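# Analysis of the macromolecular model
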Amino acid sequence: HPIRNTVSSPGYSTLDPIECSFCLLFLFVEILERVWEISFLFVMLFCFCLDLLFQQYPGVSQLSSSLGGLSLQSSPQPESLRPVNLTQERNILPTAPVWAPVPNLNLDLKKLNCSPDSFRCTLTNIPQTQALLNKAKLPLGLLLHPFRDLTQLPVITSNTIVRCRSCRTYINPFVSFIDQRRWKCNLCYRVNDVPEEFMYNPLTRSYGEPHKRPEVQNSTVEFIASSDYMLRPPQPAVYLFVLDVSHNAVEAGYLTILCQSLLENLDKLPGDSRTRIGFVTFDSTIHFYNLQEGLSQPQMLIVSDIDDVFLPTPDSLLVNLYESKELIRDLLNALPNMFTNTRETHSALGPALQAAFKLMSPTGGRVSVFQTQLPSLGAGLLQSREDPNQRSSTKVVQHLGPATDFYKKLALDCSGQQTAVDLFLLSSQYSDLASLACMSKYSAGCIYYYPSFHCIHNPSQAEKLQKDLKRYLTRKIGFEAVMRIRCTKGLSMHTFHGNFFVRSTDLLSLANINPDAGFAVQLSIEESLTDTSLVCFQTALLYTSSKGERRIRVHTLCLPVVSSLADVYAGVDVQAAICLLANMAVDRSVSSSLSDARDALVNAVVDSLSAYGSTISNFQHSALIAPNSLKLFPLYVLALLKQKAFRTGTSTRLDDRVYAMCQIKSQPLVHLMKMIHPNLYRIDRLTDEGAIHVNDRVVPQPPLQKLSAEKLTREGAFLMDCGSVFYIWIGKGCENNFIEDVLGCPNFASIPQKMTHLPELDTLSSERTRSFITWLRDSRPLSPVLHVVKDESPAKTEFFQHLIEDRTEAAFSYYEFLLHIQQQICK
Amino acid sequence: MVLLTMIARVADGLPLAASMQEDEQSGRDLQQYQSQAKQLFRKLNEQSPTRCTLEAGAMTFHYIIEQGVCYLVLCEAAFPKKLAFAYLEDLHSEFDEQHGKKVPTVSRPYSFIEFDTFIQKTKKLYIDSRARRNLGSINTELQDVQRIMVANIEEVLQRGEALSGSAEIDTLNQKKYSSESPTFNKQHFLSYLG
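Residues numbered from 1 in each chain as written. Chains lettered and ligands numbered in written order. Predicted model: local features only at pLDDT ≥ 70, side-chain atom pairs only at ≥ 80, totals over all residues. Heavy atoms only, no water.

By the naming in an unreviewed UniProt entry, chain B is SEC22 homolog B, vesicle trafficking protein, taken from Oryctolagus cuniculus. Listed under Function (unreviewed entry) in UniProt, the entry text for chain B is "SNARE involved in targeting and fusion of ER-derived transport vesicles with the Golgi complex as well as Golgi-derived retrograde transport vesicles with the ER." The record in UniProt for chain B states the following under Sequence similarities (unreviewed entry): "Belongs to the synaptobrevin family." (UniProt positions renumbered as here; feature names shortened; annotations may be inferred.)

If you look chain A up in an unreviewed UniProt entry, it shows as SEC24 homolog B, COPII coat complex component from Oryctolagus cuniculus. Among the UniProt annotations of chain A, the heading Sequence similarities (unreviewed entry) holds the following wording: "Belongs to the SEC23/SEC24 family. SEC24 subfamily."

Moving on, we come to the overall build of chain B. From N to C terminus, chain B includes six helices and six strands. Each helix (α) and strand (β) of chain B, taken in turn from the N terminus, gives the series β-β-α-β-β-β-α-α-α-β-α-α. A total of 194 residues make up chain B; the buried ones form 45% of that total. Taking as baseline every contact in chain B between residues at least 6 positions apart, the subset at least 24 positions apart corresponds to 67%. Summed over all atoms, the accessible surface of chain B reaches about 10,300 Å², with 48% contributed by carbon and sulfur. (Helix = DSSP H or I, 4+ residues; strand = E, 2+ residues; numbered from the N terminus. Buried < 20%, exposed > 50% of the residue type's maximum accessible area, 1.4 Å probe, protein only. Contact = heavy atoms within 4.5 Å. Areas by Shrake-Rupley, 256 points an atom, 1.4 Å probe, with all protein chains shown as cover.)

This paragraph deals with the overall build of chain A. What chain A contains, in helices and strands, is 23 helices and 34 strands. If one aligns the C-alpha atoms of chain A with their principal axes, the spans along those axes are about 125 × 75 × 55 Å. Across the 827 residues in chain A, those meeting the buried criterion constitute 58%. Of all intrachain contacts in chain A linking residues separated by at least 6 positions in sequence, the fraction that spans at least 24 positions is 75%. Carbon and sulfur atoms form 53% of the exposed surface of chain A, whose accessible area is close to 34,900 Å². Both charge centroids of chain A, one from 75 positive and one from 78 negative side chains, sit 3 Å from each other. (Lys, Arg positive; Asp, Glu negative; His and termini not counted. Charge placed at Lys NZ, Arg CZ, Asp CG, Glu CD.)

Before going further, it helps to spend a moment on the interface of chain A and chain B. Each partner contributes to the interface: chain A provides 39 residues, whereas chain B provides 29 residues. Carbon and sulfur atoms supply 56% of the area that chain A and chain B bury against each other, a total of about 2,800 Å² over both sides. The three residues of chain A that bury the most area against chain B are A:Thr157, A:Pro233 and A:Arg274, which together make up 20% of that side's buried surface. Between the two partners, chain A and chain B, sit three salt bridges. A salt bridge links B:Arg42 to A:Asp228; its shortest N-O distance comes to 3.3 Å. The interface formed by chain A and chain B includes eight residue pairs in polar contact (both at pLDDT 80 or more). Each residue belonging to the side of chain A that touches chain B can be placed in one class, and the counts come to 15 nonpolar, eleven polar and 13 charged. (Buried area = accessible area lost by both parts, 1.4 Å probe. Salt bridge = Lys/Arg side-chain N within 4 Å of Asp/Glu carboxyl O. Polar contact = N/O pair within 3.5 Å; in protein donor to acceptor, adjacent residues only side chain to side chain. Nonpolar A, V, L, I, M, F, W, Y, C, P; charged D, E, K, R; others polar.)

A word on the nonpolar core. Most often, soluble globular proteins keep nonpolar side chains buried together rather than apart. All names here are of chain A. Membership of the largest hydrophobic core comes to 161 residues, with the highest contact counts inside it found for Phe 537, Tyr 569 and Phe 633. Here this core takes ten residues from helix 16 (residues 594–613), the largest share from any one element. Taken together, domain 2 (238–474) and domain 3 (678–803) each give at least three residues to this core, which thus spans both. Among residues more than four places away in sequence, those in contact with Tyr 569 are Leu 81, Lys 135, Ala 136, Leu 138, Ser 608, Ala 611, Tyr 612, Thr 615, Pro 627, Ser 629 and Leu 630. Formed by 42 residues, the second largest nonpolar core is a distinct cluster that contains Leu 243, Cys 259, Tyr 289 and Tyr 448. (Core = buried A, V, L, I, M, F, W, Y, C linked by side-chain atoms within 4.5 Å. Domains from an automatic or database assignment.)

Our focus in this paragraph is unusual backbone geometry. Residues and elements named next belong to chain A. For Lys 137, which is not a glycine, the phi torsion comes out positive at approximately 60°. By the secondary structure assignment, Lys 137 is in the loop between helix 4 (130–136) and strand 4 (141–144). Phi at Ser 452 takes a positive value of approximately 55°, unusual for a residue other than glycine. When you line up the elements, Ser 452 lands in the loop between strand 19 (447–449) and helix 13 (459–474).

Time to look at the UniProt feature "domain: Sec23/Sec24 beta-sandwich" (unreviewed entry) in chain A. Within this numbering scheme, the UniProt entry marks residues 478–562 of chain A as carrying the feature "domain: Sec23/Sec24 beta-sandwich" (unreviewed entry). Along residues 478–562 of chain A, the helical share is 0% and the strand share 71%, with 38 Å between the first and last C-alpha atoms.

This part is about the environment of A:His555. Residue and element names in this part refer to chain A. Inspection of the secondary structure puts His 555 in strand 26 (residues 550–562). The sequence separation of His 555 and Cys 164 amounts to 391 residues, and the corresponding C-alpha distance is 16 Å. Those residues within four positions of His 555 in sequence are excluded, and the remaining contacts are Cys 114, Ser 118, Phe 119, Pro 146, Ser 219, Thr 220, Phe 537, Gln 538 and Thr 539.

This part covers the domain arrangement of chain A. Put simply, an interface is often sized by how much accessible area is lost when its parts join up. All names here are of chain A. One can read the domain layout of chain A as domain 1 (157–217), domain 2 (238–474) and domain 3 (678–803). Here domain 2 and domain 3 have C-alpha centroids that lie 36 Å from each other. Of the residues lining the interface, eight residues belong to domain 2; the matching set on domain 3 comes to eleven residues. Seen at the junction of domain 2 and domain 3, the total is zero salt bridges. Our count for the domain 2 to domain 3 interface comes out at one residue pair in polar contact (both at pLDDT 80 or more). No other element matches the six residues that helix 13 contributes to the side of domain 2 that touches domain 3. Residues of the side of domain 2 that touches domain 3, tallied by class, amount to one nonpolar, two polar and five charged.

Before going further, it helps to examine the sheet that holds strand 21 (residues 491–497) of chain A. All names here are of chain A. Within the open sheet, the four strands sit side by side as 2-4-24-21. Their pairing is antiparallel. With one partner strand each, in any of the chains shown, strand 2 (119–121) and strand 21 form the two edges of the open sheet. Strand-to-strand twist of the sheet, defined as the mean angle between neighbouring strand axes without regard to direction, takes the value 25°. With three bridges joining them, strand 2 and strand 4 adopt antiparallel strand pairing. In the sheet register, Cys 121 faces strand 4, and the bridge partner there is Leu 142. (Pairing = 2+ DSSP bridges. Axes fitted to C-alpha atoms, helices over the stretch in contact; angles between N-to-C directions.)

All names here are of chain B. Most of strand 2 (residues 15–20) is tucked away: six of the six residues are buried. The sheet contact formed by strand 1 (residues 2–9) and strand 2 spans five bridges and is antiparallel. Its bridge partner lying in strand 2, Met 6 is registered against Ala 18. Where strand 1 folds back onto strand 2 in an antiparallel hairpin, the turn is made up of five residues, including Gly 13, whose phi is positive at roughly 75°.

All names here are of chain A. For the pair helix 15 (residues 574–591) and helix 18 (residues 654–666), the least separation of the axes is 9 Å and the interaxial angle reads 135°. In this view, helix 15 runs oblique relative to helix 18, as classed from their interaxial angle. The handedness of the crossing between helix 15 and helix 18 comes out as left-handed. Between helix 15, through Ala 582, Asn 583, Val 586, Asp 587 and Ser 589, and helix 18, the contact on the second element is made entirely by Met 661, Ile 664 and Lys 665. Here the residues of the contact of helix 15 with helix 18 sort into four nonpolar, two polar and two charged. (Parallel < 35°, antiparallel > 145°, perpendicular 65-115°, else oblique. Left-handed = near helix turned anticlockwise from the far one by under 90°.)

Our focus in this paragraph is the pattern of salt bridges. Scanning all chains against the criterion turns up 38 salt bridges over all chains. Residues B:Lys121 and A:Glu323 are paired through a salt bridge, measuring 2.9 Å at the closest nitrogen-oxygen approach. Of this pair, B:Lys121 sits in helix 3 (residues 116–127) while A:Glu323 sits in the loop between strand 16 (319–320) and helix 8 (325–338), each in a different chain. A relative accessible area of 43% places B:Lys121 in the partly exposed class. Between A:Arg551 and A:Glu549 there is a salt bridge whose closest N-O contact spans 2.6 Å. Given a relative accessible area of 14%, A:Glu549 falls into the buried group. Because the salt bridges share partners, they merge into one network encompassing A:Glu222, A:Glu549, A:Arg551, A:Arg553 and B:Arg108.

All names here are of chain A. In space, the three strands of this open sheet follow the order 6-7-8, with antiparallel pairing throughout. The outermost strands of the open sheet, each flanked by one partner alone, are strand 6 (176–178) and strand 8 (191–193). On average, each strand axis in the sheet is tilted by 35° relative to the strand beside it, whichever way the strands run. Relative to strand 8, strand 7 (residues 182–184) runs antiparallel, the two sharing three bridges. Bridging across to strand 8, Trp 183 finds its partner in Asn 192.

Structure below.
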């Protein structure tokens with residue numbers, strides 16, 4: 001149908017009526033024709049667009065079959081699937097923080113779903129079959145932060161805790177109610193009866209609406225458990241401190257900081273009137289302290305037979321905190337000075353831990369170990385295994401695993417008696433953290449590391465210890481805990497990551513649980529998920545609170561199932577994927593080798609982008625294309641390859657490397673991401689544009705910068721947030737205004753080499769800068785240390801190591817890495 | 001040797017406080033006795049004898065019931081009965097004074113777990129050899145322990161009947177308790193914590 005270009009228009013000279021009506025009729029027909037042509041044009045255009053859509057997103061037709069729980073408003077072209085040409089995109093990093101992707105569910109389910117801060121999956125669209133998952137070449141797993149500090153938590157006190165009869169899943173927002181009296185489990189599909197009590201809703205005081213009860217309206221709930229959930233009466237909070245007092249330890253000077261911190265926080269230790277505390281110090285012998293109420297002063301009892309450790313007195317070594325408070329204070333005041341003239345250089349850590357185990361066995365609780373050197377005496381003694389010349393090795397990195405199984409065995413024994421062992425390593429030299437870490441790994445403990453610790457020569461480490469101790473001593477704690485993760489029929493879990501003891505296929509034994517612990521688990525699809533459009537995951541953490549209450553914290557996550565490869569890519573949570581890969585890489589480094597782990601990381605990018613490429617019909621080999629959901633994947637993997645845990649060719653102390661690996665395995669996602677890819681901001685030009693208001697304070701929100709020296713202009717000042725450390729880099733040509741107003745120094749040259757605090761100056765830029773930094777600080781439990789780094793000072797290497805997009809002698813730049821990946825794909 | 005002390009509400013067997021022997025050896029074997037104790041609490045009711053001794057192999061349970069609360073102790077068979085009952089009486093008077101009024105209102109298990117501190121102290125007094133020698137000075141108002149009913153715990157638990165001093169079933173009281181239970185349940189729900 002040709003489109004006529006000319007339109008004859010009727011004349012407007014005087015007409016007689018008949019002619020007029022004919023003209024009007026003629027006009028009417030013309031208009032109709034035009035309307036027809038224009039609408040046809042629109043239809044053509046629409047078809048053209050649909051064509052484009054169908055070319056790129058073949059999954060649209062298949063989506064409709066699995067629309068069960070899916071959002072009906074979902075556009076056929078999700079933003080997450082938009083192809084991005086990585087080699088052309090100069091600025092891949094978004095300027096605002098990356099949020100967790102929201103699973104594609106209908107509005108009701110979205111509102112009820114578990115917060116991603118507690119529970120996250122690497123793929124928010126679950127593949128229907130293992131074959132489909134394999135095609136995507138992406139890891140499938142969950143990242144958990146089950147005990148994180150919550151501001152809102154529904155607590156349920158009820159006679160019956162409603163659970164599925166066969167799989168024991170707790171009732172949750174994603175079950176379905178059949179006729180008000182029965183409910184269908186969303187994990188095993190079993191139909192259960194609704195107990196009579198459950199029909200009554202205590203909140204609304206109504207009857208007959210079980211689906212409105214709080215257990216079914218919240219995906220994160222806490223139940224008060226009945227005595228059926230207890231193997232023994234709830235244990236009291238028991239805290240034991242095992243302290244290295246060798247000459248080395250006294251030199252380092254940590255005792256003063258620890259004792260001071262304990263004195264300040266003695267009343268804030270979580271517990272009730274039954275709380276118990278005890279102290280053991282050791283060098284080449286073990287020292288116990290009798291703190292029995294009624295004594296005039298603490299009594300020190302020395303046991304020198306370290307090959308057959310025994311407790312010198314049956315009780316009074318772990319005493320009631322309130323009854324013996326004065327004696328405890330006396331001891332804490334005396335301890336820092338008791339060993340000042342010691343000549344003992346040996347450290348009998350192993351025997352001290354054996355003594356600790358004996359003390360804690362009857363009750364369970366927490367042991368906090370402070371160690372400053374290699375244990376040199378008695379059971380569990382360790383040799384120096386690090387060869388300093390190998391620190392920059394590009395070949396094999398050795399000794400990433402333990403040298404002895406003494407610490408693992410001890411940890412397992414402790415775990416069996418509900419005792420967790422936390423380690424504070426404050427060493428100036430190699431202390432074989434790879435072996436020592438086992439005491440915490442298998443007993444659900446946690447590890448703190450302060451390399452080159454010295455209370456006078458290294459004040460920033462001393463300050464870090466002080467701040468960490470405050471958090472450590474006062475944060476919430478759960479005792480004698482177990483955690484079980486359940487998932488919908490068809491899915492199964494195979495590998496767990498974190499500090500715990502795996503009791504059976506899905507039961508994790510946690511002697512202690514703390515709010516800063518993260519876990520990960522890998523999943524596989526055993527049976528095809530063809531019968532369902534949704535899958536659910538549930539974490540149940542059973543623990544005793546510090547006040548003797550037995551509680552169960554339950555988180556439930558719901559995700560849609562998809563059957564096309566494109567949909568799998570549309571739902572990738574790239575941050576969760578990189579954290580899971582990091583965990584897997586740590587395991588691979590220890591079981592196989594570091595280079596194998598590095599290869600596996602690169603392959604993860606190569607394989608997944610290659611697999612994605614096959615879903616695009618007009619795939620170009622000249623460009624590296626990724627879906628929008630995965631566009632940061634190569635950047636994050638490069639960051640991981642340059643991270644202390646996995647880097648080669650750059651001098652890395654073995655203990656530093658092992659500690660980074662321990663952190664990867666035990667940090668929750670939000671902190672791990674900062675470790676992997678720190679956040680960089682320019683702070684010399686802060687404005688209130690886009691600022692947010694927090695508690696009457698205005699907090700500027702500067703954009704994120706990519707981690708490249710290209711962005712570091714000499715005329716500026718930048719803040720890098722690495723999670724536990726902040727760096728403020730000052731360019732040589734930075735404006736004097738900024739240096740004066742914020743740093744309080746007249747010019748660049750006068751900025752001290754080791755500045756760790758920003759002065760509180762009454763200037764707008766000082767207020768803005770401090771407001772921003774405080775806001776960043778408050779967003780995490782562990783207070784970070786601040787370092788002000790001057791351009792061209794020796795301290796800058798540490799800072800520059802985090803600029804992962806840049807090339808170094810040992811590693812690719814980001815662009816080179818992209819080319820490398822492209823090459824691998826085309827092979 | 002006093003190994004296990006448990007205090008529970010008779011009406012529904014809800015545990016109120018407890019203390020376990022803190023010893024590497026004995027701690028681990030107590031599982032079985034604990035579960036027997038729990039089962040026993042569930043079987044007790046208004047008809048149960050207020051004082052009883054239950055043999056359990058090498059160990060013995062002794063209990064007293066006062067004001068709807070059962071005080072139970074597990075000791076070695078050789079431990080003197082008089083001492084055991086004197087110990088329970090001591091626990092009763094202190095517990096009743098401190099917490100007696102709140103007992104009908106609580107719903108959480110081990111709401112008075114902090115009473116453990118007192119239990120431990122009292123236990124020490126009774127285990128101390130001097131106390132044993134002073135048997136004579138023990139509260140003479142204490143009932144003659146000879147008249148305390150002795151039974152075997154296994155039989156009692158297996159029988160499935162409530163321990164009863166009399167064979168008659170008190171139908172009147174039964175009705176009263178069954179009508180009171182909805183009120184009781186409502187109290188549970190109303191203690192929902194937001």
